[in-house]
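Coordinates in review
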There are 2 protein chains.
Amino acid sequence: MVVKSTAVKVRHYKWDVEYMFWAPDCEERVVMGINGQFPGPTIRAEVGDTIHVDLTNKLSTEGVVIHWHGIRQLGTPWADGTASISQCPINPGETFTYRFVVDKAGTYFYHGHYGMQRSGGLYGTLIVEVPKGQHEPFHYDGEFNLLLSDWWHESIHEQEVGLSSKPLRWIGEPQTLLINGRGQYNCSLLPNFGNSSSTQCKFSGTEQCAPQILQVLPNKTYRVRLASTTALASLNIAIGNHKMIVVEADGNYVQPFTVDDLDIYSGESYSVLINTNQNPNKNYWISIGVRGRRPNTPPALTILNYKPTSASKLPTISPPITPAWNDYNHSKSFTKNIFALMGSHTPPATYDRRIALLNTQNRIDGFIKWAINNVSLVFPPTPYLGSIKFGLKSGFDQTNPPENFPSSYDIMSPPANPNTTTGSGVYRLRYNTTVDIILQNANALGANVSEIHPWHLHGHDFWVLGYGEGKFTKDDEAKFNLKNPPLRNTVVIFPYGWTALRFVADNPGAWAFHCHIEPHLHMGMGVVLASAVERVQGIPSNALTCGLTAKMFLKKKNIP
Amino acid sequence: MVVKSTAVKVRHYKWDVEYMFWAPDCEERVVMGINGQFPGPTIRAEVGDTIHVDLTNKLSTEGVVIHWHGIRQLGTPWADGTASISQCPINPGETFTYRFVVDKAGTYFYHGHYGMQRSGGLYGTLIVEVPKGQHEPFHYDGEFNLLLSDWWHESIHEQEVGLSSKPLRWIGEPQTLLINGRGQYNCSLLPNFGNSSSTQCKFSGTEQCAPQILQVLPNKTYRVRLASTTALASLNIAIGNHKMIVVEADGNYVQPFTVDDLDIYSGESYSVLINTNQNPNKNYWISIGVRGRRPNTPPALTILNYKPTSASKLPTISPPITPAWNDYNHSKSFTKNIFALMGSHTPPATYDRRIALLNTQNRIDGFIKWAINNVSLVFPPTPYLGSIKFGLKSGFDQTNPPENFPSSYDIMSPPANPNTTTGSGVYRLRYNTTVDIILQNANALGANVSEIHPWHLHGHDFWVLGYGEGKFTKDDEAKFNLKNPPLRNTVVIFPYGWTALRFVADNPGAWAFHCHIEPHLHMGMGVVLASAVERVQGIPSNALTCGLTAKMFLKKKNIP
């Protein structure tokens, strides 16, 4: 609910985005920083606050935008920070103001949404707290925030060229996993690291790659906020000897449940509670490993430090081993345990429209692409929000993209016809209609390969109605959870499986819905939803000074 | 003279600019290419032709522009392709049309003029021939074109961050010199290369780094067009056993004179004639070496191949050794031998305004900068052409930059006060006035260092009236050459010296005048001249869809 009281606080930020030398994993590279920091500054606000960010592009030749991941931007679709969809990229030297209300408590983050700038390090945390005097539906004594990401030594510019090359040059697995922008490459926090060529890191504590230690007092409850902005990696986190109680997912409360370890996909956030009920004279490893892809990246580590025990006292118990990368049953079991907190709003019992989206890996003229219903998304230079609002038909493909895929499609085998086409059409949603989306996974180009894809929806939360194996059929509908499905903004499809979700198109705007794996989106894995754009009002005109909208604003072709 | 006949040819080009993997010096890196080529396609036109280039930006997140170096853009200042001055950068996915007349025969080139994109490989050759039926003032039987550049293995993105860092991270000397985009790193065309770790290159001929051999017939005259678009290196070219007759400089005829070797600075072009009057059973080395900086880059080599002698027959005489890097007397002697071809237009005898520009290396808050009269140029986001045309006073500093520098300034020592300030003011020139500029060199920040700077003027040629040692004084004026000074668009200042030039401000527009060394410009070494902008008409409005001009075109702040 958007709080409209004039007493509400406006939180002002002045941010400069720039490239800078940094050593996220002890190896120096160029990262995208904000105000000289990597990751960017953490925003903390209260429900109902207005966030006002004057974002200045201090890059030399690149445009920039920032997406506020998980914030629905109710009534402010132009502040969604998605290049080609909600606004033109901000030019070097220019400032754009993001101004929006945070209407729901939870753990969010922000990140670049242009090219592969997220992967380049343009991200940070956004925490929305319940208003003073109100309470979360759980108690905690202290709080930590772990923003998880993955990191490559190759520059994003080179990665981009590789992904757009023929033959494809895949980016490979990340060199390092980062916790709050910190990881260790070529050294380990562990004294006897498996890889004998790796030595124990020696830190004074001021290094950019020195881990942030989580300092706790015994017999307290801590909230650990987890968010993943990885470019590629699906992650699993475990804390030695400590169970975690999951209480929040993507800014929505869930029915608390206890786990030994937790899967988190790119684009997701969670809050877990931990009780510091272990031997207070010891410290414990926090370990984060790769899921869903054959891991070629060492786990990220940091330490849960029981005060007054010295932080430098190494845990006596080995770091928890995260589940095997391909133990999908473990992942499914976790995922299917997530339910909305009792008393949460339930979804409409029926839908007005159902769209099935087949996820395939394809080829176009020898280039490798990802496609949805055989269309690989290419972003046009004019933002959809402007093209649609002003009826600029050449702004994007006017043909509606397919609602479904051939029922004969064999999802268990490589595509019989691997060729696809590019497209920029949109799914136009009628205002306030209930939309079901069936995300259907399939076999990739290679035999016996089907990857995990975490799909993220802008502008809305959705209910996750269910997951299933193989091809979705009408009969699967009977198994939908309409009683207490969790509200999310990101949901995964498992290999060879489907995921069903439902949302109400109640937020006018143009919205991305896409695989949150950065190179997959770069290769076309997304769609654009347009919801009652005619109702959108008050777009700042400087959001649209590019492409056809710029041309439209210009009265004359030549200036006399 | 601009040919206005409607019979004149319009030459259409459709260019896509993109990054691509390429091995200019046998080591693969990312280069900026046009239509899949590096260097970009060569344009050949005739005097009076209209060049029409539809330039599409296929980069992922970077803007782009192309400057047509040496083309004065008479009446078309918006086609000069200089970001922040003549136009907004072209956004990714968008197309901008450069349309201009080539009004003067000569050897030109084009290159990126945004960030360090020129250094990234965005360049190519532009040759303007005399109209059919007319003749150059010299005869030749065949023609070659050598576009010279320097190449780094570090990406331009990383170079840029280094130049803007505190402490400065200097880009260092280039790894390789390129001839038409081809050089050799870690191997040499020479069988017994000085560096014993280097082996002889083995080429099949199809490699991207295989040299272009110049195939000639005996007893003919060849025109060799030379142009340098180096980011840093001053070069010298020599051809074994062959003298060169200099006949053209920067698209202007010069009084022919003969040299054994020729200095060429970044931004310059020359035509030389060679007579193939040597033993036709042999081949000869063409050698290009570094001048003016302690060379840390091997010479570029290729072969003058007398047909029917096999191209694979190595020359028996060693490659010519270019003069010592610091033999400035040699350079000055060459430079002072350049005179306009007899009968050329002479400069006005007097000037209306004289501007002295002191070149200094300075510090701002610990960052290293170059400054002109103690102002280090920072480019604003709104193009000057638009800001000035529309009186947008916040578009740039309204204070006029200094016309001179303190007479007490000691050019022989490091600056007594090394601090400087940034600025974006312009020198406003009255229409059709005659302007003298005295470029004054000085000692850099370190003791006993004064560098060479090749200054390039957009929109005009200028007469080079003279060069001198030490600080320019009023008495030096008596030594000016007003009889047959060469017309150029680029001129060098020697260490601790001055250079005087004169031009008529007869081309309304906003024009850069800057050191053509890419990192020096990046560090602020340039000024902006505004000439009768009120007379400029017909600016394509899509040249100005950024910054304050975009805001001005937008009638409302918010779209209802």
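Reading the values: rules and limits
- Note that residues are indexed from 1 along each chain, following the sequence as it is written.
- Ligands are numbered from 1 and chains lettered from A, in the order in which they are written.
- Under the rules for a predicted model, residues below a pLDDT of 70 receive no local features and side-chain atom pairs below 80 are neither given nor counted, while totals for whole chains, interfaces and linings still include all residues.
- Side-chain descriptors were evaluated using all non-hydrogen atoms of the structure, hydrogens and water having been removed beforehand.
- Here a helix means four or more residues in a row that DSSP labels H or I, a strand means two or more in a row labelled E, and each is numbered from the N terminus.
- To get the radius of gyration, use the C-alpha atoms; to get the globule rule, take the number of residues to the power 0.38 and multiply by 2.2 Å.
- Exposed residues in this analysis have more than 50% of their type's maximum accessible area, buried residues have under 20%, and partly exposed residues fall in between, with area computed by a 1.4 Å probe over protein chains only.
- Note on contacts: a residue pair is in contact if any heavy atoms of the two residues lie within 4.5 Å.
- Note that accessible areas follow from Shrake-Rupley with a 1.4 Å probe, and for residues the cover is restricted to the protein chains shown.
- In this count, Lys and Arg are taken as positive residues and Asp and Glu as negative ones, while His and the chain termini are left out.
- To locate a charge, take atom NZ for lysine, CZ for arginine, CG for aspartate or CD for glutamate.
- DSSP-based pairing: two strands are paired if at least 2 bridges between them are found.
- Here an angle of 0 to 180 degrees is reported between the N-to-C directions of two axes, which are lines fitted to C-alpha atoms, with helices fitted over the stretch in contact.
- Least-squares fitting of one copy onto the other uses the C-alpha atoms of those residues that reach a pLDDT of at least 70 in both copies.
- Buried area is a sum: the accessible area each of two parts loses on coming together, probed at 1.4 Å, counted once for each and added.
- Any carboxyl oxygen of Asp or Glu that lies within 4 Å of a side-chain nitrogen of Lys or Arg is treated as forming a salt bridge with it.
- Pairs of N or O atoms are called polar contacts if they sit within 3.5 Å, as long as, within protein, a hydrogen donor faces a hydrogen acceptor (for residues adjacent in sequence, only side-chain-to-side-chain pairs).
- Boundary definitions for the domains trace back to an automatic or database domain assignment.
- We call a pair of cysteine sulfur atoms a disulfide whenever their separation is within 2.5 Å.
- UniProt positions are given in the numbering used here, feature names are shortened, and annotations may be inferred rather than shown by experiment.
- Stacked, edge-to-face and tilted are the three classes for Phe, Tyr and Trp ring pairs, Trp counted by its six-membered ring, which pair at centre distances within 6.5 Å; planes under 30 degrees apart are stacked, over 60 edge-to-face, the rest tilted.

1. Things to note about the overall build of chain A
Within chain A, the secondary structure is distributed over five helices and 36 strands. In terms of overall dimensions, chain A is globule-like: its C-alpha atoms have a radius of gyration of 23 Å, near the 24 Å expected for 560 residues. Viewed in the frame of its principal axes, chain A has a C-alpha envelope of about 75 × 55 × 50 Å. Counting only residues that meet the buried cut, chain A has 63% of its 560 residues in that class. The long-range fraction of contacts in chain A, counting pairs at least 24 apart against all pairs at least 6 apart in sequence, stands at 79%. Only carbon and sulfur atoms are counted for the fraction: they give 50% of the accessible area of chain A, which is about 20500 Å². A gap of 3 Å separates the mean positions of the 47 positive and 44 negative side-chain charges of chain A.

2. Side note on the sheet that holds strand β18 (residues 261-264) of chain A
All names here are of chain A. Spatially, β13-β21-β20-β15-β18 is the arrangement adopted by the five strands of the open sheet, whose pairing is mixed. Taken across any chain shown, the strands that pair with only one partner, and hence form the sheet edges, are β13 (214-216) and β18. Within this sheet the neighbouring strands show an average axis-to-axis angle of 20°, counted without direction. In terms of strand pairing, strand β15 (residues 234-239) meets strand β20 (residues 283-291) through six bridges, oriented antiparallel.

3. Observations regarding the relation of the copies chain A and chain B
Copies of the same chain, two in number, are related to each other by a rotation about an axis and a translation along it. Of the two same-sequence chains, chain A is brought onto chain B (RMSD 0.0 Å, axial shift 0.0 Å) by a rotation of 180°. Taken together, the rotation and translation relating the two chain copies correspond to the operation of a two-fold axis. Relative to the rotation axis, the closest C-alpha in chain A is found at E62(A), a distance of 2.0 Å. Taken as a fraction of all interface residues of chain A, those also at the interface in chain B reach 100%, which identifies the copy contact as same-surface.

4. A few points about the side chain of H157(B)
Inspection of the secondary structure assignment puts H157(B) in helix α1 (residues 156-163). By relative accessible area, H157(B) is classed as buried at 11%. If sequence neighbours within four positions are ignored, H157(B) has contacts with E62(A), H157(A), Y19(B) and E62(B).

5. Regarding the interface of chain A and chain B
Across the boundary between the two partners, chain A contributes 45 residues, which contact 45 residues of chain B. In total, chain A and chain B occlude about 3800 Å² of area from one another, counting both sides; carbon and sulfur atoms represent 60% of this. The three residues of chain A that bury the most area against chain B are F21(A), T61(A) and I559(A), which together make up 19% of that side's buried surface. Connecting chain A to chain B are two salt bridges. A salt bridge links E28(A) to R169(B), with the shortest nitrogen-to-oxygen separation between them at 2.6 Å. Along the contact surface separating chain A from chain B lie 10 residue pairs in polar contact (both at pLDDT 80 or more). For the side of chain A that touches chain B, the secondary structure elements donating two or more residues are β1 (10-22), α1 (156-163), β35 (539-540), α5 (547-553) and β36 (558-559) of chain A. In the sheet, β36(A) pairs with strand β35 (residues 539-540) of chain B via two bridges, with the strands oriented antiparallel.

6. Considering the domain arrangement of chain A
All names here are of chain A. We note that the domain assignment places domain 1 (10-134), domain 2 (144-335) and domain 3 (353-550) within chain A. Its C-alpha centre places domain 1 at a distance of 23 Å from the equivalent point of domain 2. Across the contact, 34 residues belong to domain 1 and 43 residues belong to domain 2. Carbon and sulfur atoms make up 56% of the surface buried where domain 1 meets domain 2, a total of about 2800 Å² over both sides.

7. Regarding unusual backbone geometry
The amide bond that connects K166(B) to the next residue, P167(B), takes the cis arrangement and shows omega of -5°. Along the chain, P167(B) turns up in the loop between α1 and β10 (176-179). With an omega of 5°, the peptide bond between K307(B) and P308(B) qualifies as cis. The residue P308(B) is located in the loop between β21 (300-306) and α2 (328-335) in this model. In the Ramachandran plot, N432(A) falls in the positive-phi region, its phi being about 65° despite a non-glycine side chain. By the secondary structure assignment, N432(A) is in the loop between β26 (427-429) and β27 (434-440).

8. Regarding the state of the cysteines
Using the criterion set out here, one finds six disulfides over all chains in the structure. The side chain of C88(A) participates in a disulfide bridge whose partner is C546(A); the two sulfur atoms lie 2.0 Å from each other. As the torsion about the S-S bond is roughly -85°, the C88(A)-C546(A) disulfide counts as left-handed. In this pair, C88(A) sits in the loop between β5 (66-69) and β6 (95-101) while C546(A) sits in the loop between β35 and α5, placing the two residues 458 residues apart along the sequence. Neither residue differs from the other here; C88(A) and C546(A) are each classed as buried. Across the disulfide from C26(B) sits C209(B); the S-S distance is 2.1 Å. Taking the sign of the S-S torsion, 100° for the link of C26(B) and C209(B), the bridge is right-handed. Of this pair, C26(B) sits in the loop between β1 (10-22) and β2 (29-34) while C209(B) sits in the loop between β12 (199-200) and β13 (214-216); the two residues are 183 residues apart in sequence, bridging distant segments of the chain.

9. A closer look at the UniProt feature "domain: Plastocyanin-like" (unreviewed entry) in chain A
Following the UniProt record, the feature "domain: Plastocyanin-like" (unreviewed entry) maps to residues 17-131, 144-308 and 412-531 of chain A here. Annotated as residues 412-531 of chain A, this span is 4% helix and 44% strand, and its ends, taken at the C-alpha atoms, are 33 Å apart.

10. Let's talk about the packing of aromatic side chains
Under the defined criterion, the tally for this structure stands at 44 aromatic pairs over all chains. With a centroid separation of 5.8 Å and an interplanar angle of 50°, the aromatic rings of Y467(A) and F494(A) are classed as tilted. Here Y467(A) is found in strand β29 (residues 462-469), whereas its partner F494(A) is found in the loop between β31 (490-493) and β32 (497-504), with 27 residues between them in sequence. Ring geometry for F257(B) against F334(B): centres 5.8 Å apart, planes inclined by 40°, an arrangement best described as tilted.

11. Section: the pattern of salt bridges
Side chains carrying opposite charge are able to pair once their charged atoms draw close together. Scanning the entire structure with this criterion turns up 50 salt bridges over all chains. The salt bridge partner of E143(A) is R225(A), with a shortest N-O separation of 2.5 Å. Taken together, the residues span a long stretch of sequence, with E143(A) in strand β9 (residues 142-151) and R225(A) in strand β14 (residues 221-228) at a distance of 82 residues. Judged by its relative accessible area of 22%, E143(A) is partly exposed. With a closest N to O distance of 2.5 Å, D49(B) and R11(B) form a salt bridge. With D49(B) in the loop between β3 (43-46) and β4 (50-57) and R11(B) in strand β1, this residue pair connects regions lying 38 residues apart in the sequence. When its relative accessible area of 18% is taken as the criterion, R11(B) is described as buried. Within this structure, R354(A), D436(A), K474(A), E477(A) and R502(A) form a network of salt bridges that share partners.

12. Quick look at the pairing of strand β16 (residues 244-249) of chain A
Residues and elements named next belong to chain A. Among the six residues that make up β16, five are buried, leaving the element largely enclosed by the rest of the structure. In the sheet, β16 pairs with strand β17 (residues 252-259) via five bridges, with the strands oriented antiparallel. Among the inter-strand pairings, E248 is bridged to a residue of β17, identified as Y253. Counted along the chain from β16 to the antiparallel partner β17, the turn is two residues long, and its residue D250 has a positive phi close to 55°. One ladder, built from four bridges, connects β16 with strand β19 (residues 269-275); its direction is antiparallel. Bridged to I245 within β19 is L273.

13. Comments concerning the sheet that holds strand β3 (residues 43-46) of chain A
Residue and element names in this part refer to chain A. Taking strand neighbours across the sheet as the criterion, the four strands line up as β3-β8-β7-β5 in an open arrangement whose pairing is mixed. Looking at the sheet topology across the chains shown, the edges are occupied by β3 and β5. With direction set aside, neighbouring strand axes in the sheet form an average angle of 20°. Pairing geometry for β5 and strand β7 (residues 106-112), over four bridges, is antiparallel. Paired with W68 across the strands is Y110, a residue of β7.

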